[in-house]
2 protein chains.
Amino acid sequence: MLSKKTKYGLKALVYMTRKEDNKPVLISEIAESENISKKFLEIILLQLKNSGFLGSKKGKGGGYYLLKDPEQITIAALMRILEGPIAPLPCVSLHFYEKCSDCKTEEACSLNRVMVELRDSMLSVLEKKTLADLSAEG
Amino acid sequence: MLSKKTKYGLKALVYMTRKEDNKPVLISEIAESENISKKFLEIILLQLKNSGFLGSKKGKGGGYYLLKDPEQITIAALMRILEGPIAPLPCVSLHFYEKCSDCKTEEACSLNRVMVELRDSMLSVLEKKTLADLSAEG
DNA sequence: CATTAATCTATCGATTTAGTAGATTTTAAA
DNA sequence: TTTAAAATCTACTAAATCGATAGATTAATG
């Protein structure tokens, strides 16, 4: 299950993408429209800014705006920022690899092969779909 | 990411499956062999028993044993017991469906369609693979 | 009856999650 | 140059979850 943080982050980005021009959007406007706690959304958008997806402007007329083309932003990339690893186990993660302490070797691990398969099937969707796909009318 | 509970549970079941006969296996034997905290494993196996996957026998010669054919036990079924929902959002879950409070309708939810696709791609692996697949030598 | 091994009860510390409160800084506009 | 708007920063908090531990109880075997 995705955390609310990820869910809210994705929804906020879709909201911003659907705005015709690329002018700064108010946190409070997104929060109200998408039923998200404003303070929680602050944290989320700040994180997306620090990861290079969003820019911001303070003061009157300020807000957050997309820095990249929505078609260039995959759901996978966003999930790695907001949710962390996509892989079901650390030992099959491409971006957050860690050895499992309870396994002698990865070849000997009974779960490894199936989890690689699961990871790849998830990535086949998440690396293909972009913010532009989410924002397209259904 | 799967919890350690799920990981340990799956590994324990693989261990039991690989035992030639279907005699009761000691918790402590599994715990030692798989590097799992014995007390934590107790909780996990008890849960698998209460869900109908395992039987148990107390006293000398006791332990846990499989109640079903490993080929009949899908990873998906085990994950639903140990981990909970497989779906990335409650509103796309087949077994644990819940309406999202922040969405007016599911059709209007920008995430719904992609998350259905993600769920189905995960299930295509998890419903196909069984305990027998995990237990087969690699 | 003694031993073995599952089962039950009761915690526990650490971390994560989701959210709140309030002060500060930056910027645009009056 | 002041004022108001809006992001940013600091600092909490309550609740849930995770992983693990300690010890008592019950059931089965020999």
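Conventions used here
- Residues numbered from 1 in each chain as written.
- Chains lettered and ligands numbered in written order.
- Predicted model: local features only at pLDDT ≥ 70, side-chain atom pairs only at ≥ 80, totals over all residues.
- Heavy atoms only, no water.
- Helix = DSSP H or I, 4+ residues; strand = E, 2+ residues; numbered from the N terminus.
- Buried < 20%, exposed > 50% of the residue type's maximum accessible area, 1.4 Å probe, protein only.
- Contact = heavy atoms within 4.5 Å.
- Areas by Shrake-Rupley, 256 points an atom, 1.4 Å probe, with all protein chains shown as cover.
- Lys, Arg positive; Asp, Glu negative; His and termini not counted.
- Charge placed at Lys NZ, Arg CZ, Asp CG, Glu CD.
- Buried area = accessible area lost by both parts, 1.4 Å probe.
- Salt bridge = Lys/Arg side-chain N within 4 Å of Asp/Glu carboxyl O.
- Nonpolar A, V, L, I, M, F, W, Y, C, P; charged D, E, K, R; others polar.
- Least-squares fit on C-alpha atoms with pLDDT ≥ 70 in both.

An unreviewed UniProt entry annotates chain A as Transcriptional regulator, BadM/Rrf2 family originating from Sinomicrobium oceani.

Colleague: What's the story with the overall build of chain A in this structure? I'm lost.
Modeller: Scanning chain A from N- to C-terminus turns up six helices and two strands. Counted from the first residue to the last, chain A has its helices and strands arranged as α-α-α-β-β-α-α-α. The dimensions of chain A, computed from C-alpha atoms along their principal axes, are 60 × 30 × 25 Å. Across the 138 residues in chain A, those meeting the buried criterion constitute 49%. When contacts within chain A are restricted to residue pairs at least 6 apart in sequence, those whose partners lie at least 24 apart make up 58%. When the accessible area of chain A is evaluated, it comes to approximately 6900 Å², of which 52% is carbon and sulfur surface. One finds the centroid of the 21 positive side-chain charges in chain A at a distance of 6 Å from the centroid of its 18 negative side-chain charges.

Colleague: Please explain the interface of chain B and chain A as it appears in this structure.
Modeller: Interfaces are often described in size by the accessible area the parts lose on coming together. Of the residues lining the interface, 38 residues belong to chain B; the matching set on chain A comes to 38 residues. For the pairing of chain B and chain A, the buried interface totals around 3500 Å² over both sides, and the portion due to carbon and sulfur atoms is 64%. The largest share of the area that chain B buries against chain A comes from B:M1, B:D102 and B:L111, three residues that together contribute 18% of it. The partner of B:K128 in a salt bridge is A:E117, with the nearest N and O atoms 3.4 Å apart. Elements supplying a minimum of two residues to the side of chain B that touches chain A: helix 1 (4-18), helix 2 (27-34), helix 5 (112-126) and helix 6 (131-135) of chain B. If one sorts the elements of the side of chain B that touches chain A by residue count, helix 5 of chain B sits on top with nine residues. Partitioning the side of chain B that touches chain A into residue classes produces 22 nonpolar, five polar and 11 charged.

Colleague: Please explain the relation of the copies chain B and chain A as it appears in this structure.
Modeller: The operation linking the two copies of the chain is a rotation about an axis combined with a translation along the axis. Of the two same-sequence chains, chain B is brought onto chain A (RMSD 0.0 Å, axial shift 0.0 Å) by a rotation of 180 degrees. Both copies are brought into coincidence by an operation consistent with a two-fold rotation axis. With an isologous cut-off of 70% or more, the 100% of interface residues of chain B that recur at the interface of chain A puts this contact in the isologous class.

Colleague: Could you clarify how one ought to interpret the side chain of A:E34 in this entry?
Modeller: Inspection of the secondary structure assignment puts A:E34 in helix 2 (residues 27-34). Comment: no salt bridge for buried A:E34; closest opposite-charge side chain is A:K11, at 4.6 Å. Once residues lying within four places of it in the same chain are set aside, the contact partners of A:E34 are A:K11, A:Y15 and B:D102.

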